[in-house]
Structures are given as structure tokens and as C-alpha cells.
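Coordinates in review
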Amino acid sequence: MGKNPRVRVVLCLLCLFCASALAGCDTGAKALVGTYQAQTRNGRVSLQMKDSGQGVWTVGEDQITFSWHLKGEQLRLYTRNGGIILGTLKAGTIQIALPGLHELSFTKTR
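Quick look at the structure, then.

Conventions we followed
Residues numbered from 1 in each chain as written. Predicted model: local features only at pLDDT ≥ 70, side-chain atom pairs only at ≥ 80, totals over all residues. Heavy atoms only, no water. Helix = DSSP H or I, 4+ residues; strand = E, 2+ residues; numbered from the N terminus. Buried < 20%, exposed > 50% of the residue type's maximum accessible area, 1.4 Å probe, protein only. Areas by Shrake-Rupley, 256 points an atom, 1.4 Å probe, with all protein chains shown as cover. Pairing = 2+ DSSP bridges. Phe/Tyr/Trp six-rings, centres within 6.5 Å; stacked < 30°, edge-to-face > 60°.

Okay, the overall build of the protein next. Of the regular secondary structure elements, the protein holds 2 helices and 8 strands. Written out in order from the N terminus, the α and β elements of the protein read α-α-β-β-β-β-β-β-β-β. When burial is assessed residue by residue, the protein has 28% of its 110 residues classed as buried. As presented, the protein carries roughly 7,800 Å² of accessible surface, and 59% of it is formed by carbon and sulfur atoms.

Attention now goes to the pairing of strand 4 (residues 62-71). Here strand 3 (residues 54-59) runs beside strand 4; their pairing, made up of 6 bridges, is antiparallel. Bridge pairing links valine 56 to threonine 65 in strand 4. Looking at chain direction, strand 4 and strand 5 (residues 74-79) are connected through 6 bridges and run antiparallel. Bridge pairing in strand 5 places tryptophan 68 opposite leucine 77.

Okay, the packing of aromatic side chains next. Within the structure shown, the criterion is met by 1 aromatic pair. Aromatic side chains tryptophan 57 and phenylalanine 106 sit 5.4 Å apart centroid to centroid with 70° between the ring planes, which places their arrangement in the edge-to-face category. Here phenylalanine 106 lies in strand 8 (residues 103-108) and tryptophan 57 lies in strand 3, a separation of 49 residues in the sequence. For the pair tryptophan 57 and phenylalanine 106, one class covers both residues: buried.

What follows is the structure, given as C-alpha cells:
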């Protein structure tokens, strides 16, 4: 298999194609990096998402750290205590529905 020059060329092209396809997979996640805010009945909620995959959720004086991951159009926030908060991307906003609360709509501010 390795002695045929055509097979080598095809394998090289296949490797280049796979590398370029994988390189573009993370562009959606990188676009989410930044600071977001949502308005609630009790004030503002801030969501800071860092390039490292870490983040901070701020409500008033309280801060909750998390790690985040984008899977398709679903945003997953993993809290330190093992909780997972799910969000969806809609029209340039992040929509998060928390149990017992109305849906929060986060808009990017920075």
C-alpha cells in the first residue's frame, strides 16, 4: 500500500482535508468569548466567558465559576458542584432557562 505513489498522494490530501476541517471546528466557541448581561426582576446577571473555557456567573455580589463547552447550538456550563446549566444560541443571544425562574436572555456587551 505505501509503495504506490498515488496512494501516498491521496493519503496526504486526505490528511490535509481532515486537518483543515478540524481547524475550523472551534470557531463557534471562540465567537462566544466575551461578557454578556441579562436583566432580571431583581437586577442584572453577568456572564463572562473566557477563551480558556472557564467563566464566571455574577449575580449581585455572588460569583459562580464554571467551565463551558459548545456542542452544536447548545451551550453547556459545568459548575464546580457538578451541576450542568444548558443554554441555547438564538439570534446572537444566549438563552438559559433555570428551574423555577423565567428564561434569561444574555446579550453580548464586550
